[in-house]
Amino acid sequence: MRPMERTTQRRAEPRMMNQPDLPSMAVEPTGFGRHGHRNLAEKESSCEVTLSDVLSSQNMEKAWKQVKANKGAAGIDGMKVGDFPAFAKEHWEKILCKLAKGSYSPSPVRSVQIPKGGGKYRQLGIPTVLDRVIQQAISQVLTPLYEPHFSEHSHGFRPKRSAHDAIDEMLQESKIKGAKSHVVDCDLAAFFDTVDHQKLMGKLRERIADPELLKLILGYLKAGAIPSKLSGEERGEDRKEKDEGVPQGGPLSPLLANILLDELDHELEKRGHKFVRYADDFVILCWSLRAGKRILQSVTKYLSDELKLTVNKTKSQVVKLCDASFLGFKIVRRKIWWTEKSQKKFKERIREITNRTRGHSPSKVTSELRMYVRGAMNYYAKGMKYGETRDLDSWLRSRMRLYYWKQWGRPRTRRRKLLSLGIRRGEVHMASRSRKGPWRISHTTIVHRAMTAEWLESQGLPSIVKQWNLIRYPNGQKRPAR
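Residues numbered from 1 in each chain as written. Predicted model: local features only at pLDDT ≥ 70, side-chain atom pairs only at ≥ 80, totals over all residues. Heavy atoms only, no water.

K.L.:
Would you explain a positive patch on the surface in this entry?
P.N.:
Taken together, the side chains of K116, K120, R122, K315, K341 and K345 make up a positively charged region of the molecular surface. The residue K116 is located in strand 1 (residues 109–117) in this model. Taking the relative accessible area as the measure of exposure, K116 reaches 39% and is therefore partly exposed. (Patch = residues over 30% accessible without salt bridge, like charges linked within 9 Å, V, L, I, M, F, W, Y side chains within 5 Å. Areas by Shrake-Rupley, 256 points an atom, 1.4 Å probe, with all protein chains shown as cover. Salt bridge = Lys/Arg side-chain N within 4 Å of Asp/Glu carboxyl O. Lys, Arg positive; Asp, Glu negative; His and termini not counted. Charge placed at Lys NZ, Arg CZ, Asp CG, Glu CD. Helix = DSSP H or I, 4+ residues; strand = E, 2+ residues; numbered from the N terminus. Buried < 20%, exposed > 50% of the residue type's maximum accessible area, 1.4 Å probe, protein only.)

This is how it looks when you write it as structure tokens:
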């Protein structure tokens, strides 16, 4: 039997298994018989991954658990993750029937913009919780099918790989090339918004023979996006199917991006280039400026002709290794450091959180700081010097002292707070009645003695130095004191 004829067989309809926080959604729609499923690993070799594998009870249960763990905002229907079990209990039977018969229509994503620095914004599309569960289920089935065939030089959104692995590989390649090596920094213009559906579906058909699964994936590509600010009636009128682009924000998007760009990876390998890719960001290492310009021109033409992707010519460039930046890091004298742009971004975000006009309680501010600093340090500590962490720690404490001083507001409150923190009455008046601005006051000796580093830490302020030590010396061997 030819691959495309498999759809004439009667599909086994999967059932959603019981789990502690998700009600039973077992269902067997009329017209669908039961038969056993082969192991997924067996199907991978013969491209027999089907919609039944996606909708299997075990796979759907795993997908729901992952979506629940990821949390995330509500989609266009306003449903939160916590509301999904009750919704599924009532509607899952009909949804599963539609999915199995190929009549399910994905909802459009909720379009939001998030700042990415420099006054620019990144467009994100947030699917509904239901569509996130289905997309996650598809991704779980397709990942084992495609993962073994991806290039070793691709690190974005892959199991047991990270941005740190990508910059480490770039460092190793640069050591081979030497100090005079150059970097081709190729920037794809609005990659997720310009993915050609026809090209992507052609790549999927190379390994997926089931037309019903392909139809469902195409449905998600064409679902379209609706801005969050529109009303209910306006949303219905504004919905338009898309002919290009992959909504950035769903569980399936990263895998689809890797599937499309895998063709680029193998083309670069065939040409013998030394490159590193993380999602749509990639760099190619070469010997000279002249060779780099030739490579950039050739790769630009290949991306345009073969993958229908556009290279941003204003941002793409060929530079010396020490002047190149990749994923927020740079390589100077065979060492990895974070870039000046990353440092600026780090401090800008802390300024936003500790903005003295926000009106939030200090405990809420320190809670936000703990979350941000922990995540930023896990990423940037790899490229931070110990001296930088000490300076940043001191600056962060000054920001928090400023916030407390502004929160205390009236001279009487400030006097009372300073007295409770151990400042003598004769000195309190000098600070509480001072005409200096809050930032200058936060640097005075009296305020420093009142709000010591230990006191601020007891109030929940994170220590950048301690986080750096924990990350760089996980076994407890701290950096020796100078």
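K.L.:
Please explain the pattern of salt bridges as it appears in this structure.
P.N.:
Where side chains of opposite charge bring their charged atoms close, a pairing between them can arise. On inspection of all chains with the given rule, the structure shows 18 salt bridges. Measuring nitrogen to oxygen at the nearest pair gives 3.5 Å for the salt bridge that ties K65 to E61. Within this pair, K65 and its partner E61 are both found in helix 3 (residues 57–70), separated by four residues, close to a single helical turn. Using a relative accessible area of 45% as the deciding quantity, one classes K65 as partly exposed.

K.L.:
So what exactly am I meant to see when it comes to the layout of surface pockets here?
P.N.:
Take a probe with the size of a water molecule and roll it over the atoms, and the empty space left behind shows itself. Estimated volume of the second largest pocket: approximately 520 Å³. Lining the second largest pocket are 24 residues; nearest its centre among them are N70, Q136, G250, P251 and P254. When contributions to the lining of the second largest pocket are tallied by element, the ones reaching two or more residues are helix 3, strand 2 (120–126), helix 5 (129–146) and helix 11 (253–271). Among the elements that take part in the lining of the second largest pocket, helix 5 stands out by supplying four residues, more than any other. Residue composition of the lining of the second largest pocket, grouped by class: ten nonpolar, ten polar and four charged. (1 Å grid on protein atoms, 1.4 Å probe; cavity = no way out; pocket = protein on both sides within 12 Å on 5 of 7 lines; lining within 4 Å. Points joined across faces, edges and corners; volume = space filled by probe spheres on them. Nonpolar A, V, L, I, M, F, W, Y, C, P; charged D, E, K, R; others polar.)

K.L.:
Would you mind showing me how to read empty space enclosed by the protein here?
P.N.:
Enumeration according to the criterion identifies one cavity of 30 Å³ or more in this entry. What lines the largest cavity is a set of 15 residues, among which Q135, Y220, L221, P247 and S253 lie closest to the centre. Within the residue set of the lining of the largest cavity, elements represented by two or more residues are helix 9 (211–221) and helix 11. With three residues, the single largest contributor to the lining of the largest cavity is helix 9.

K.L.:
I tried to follow the confidence of the model for the chain on my own but got confused; where do I start?
P.N.:
Should pLDDT be low for a region, the predicted coordinates there are not to be read in detail. Mean pLDDT over the chain works out to 86, with 85% of the residues at or above the 70 mark. Across residues 1–20 the pLDDT falls below 50, and counting only partners more than four positions away or on other chains, this stretch makes 60 contacts in the model. (pLDDT = per-residue confidence, 0-100. Contact = heavy atoms within 4.5 Å.)

K.L.:
How do you make sense of the side chain of Q140 when you look at a structure like this?
P.N.:
One can find Q140 in helix 5. Accessibility expressed as a relative area gives 13% for Q140, which makes it buried. Side-chain polar atoms of Q140 contact the backbone nitrogen of A63, separated by 3.5 Å. In this structure Q140 touches N59, K62, A63 and Q66, once residues within four positions along its chain are discounted. (Polar contact = N/O pair within 3.5 Å; in protein donor to acceptor, adjacent residues only side chain to side chain.)

K.L.:
How should I be thinking about the packing of helix 8 (residues 197–205) against helix 11 in this particular structure?
P.N.:
For any two helices packed against each other, the geometry is given by the interaxial angle and the distance between the axes. Running from amino to carboxyl end, helix 8 crosses helix 11 at an angle of 85°, the nearest separation of the two axes being 10 Å. Comparing the axis directions of helix 8 and helix 11 gives the class roughly perpendicular. Of the residues in helix 11, those touching helix 8 at K199, L200, K203 and L204 are L256, I259, L260 and E263. For the contact of helix 8 with helix 11, the per-class residue count stands at five nonpolar, no polar and three charged. (Axes fitted to C-alpha atoms, helices over the stretch in contact; angles between N-to-C directions. Parallel < 35°, antiparallel > 145°, perpendicular 65-115°, else oblique.)

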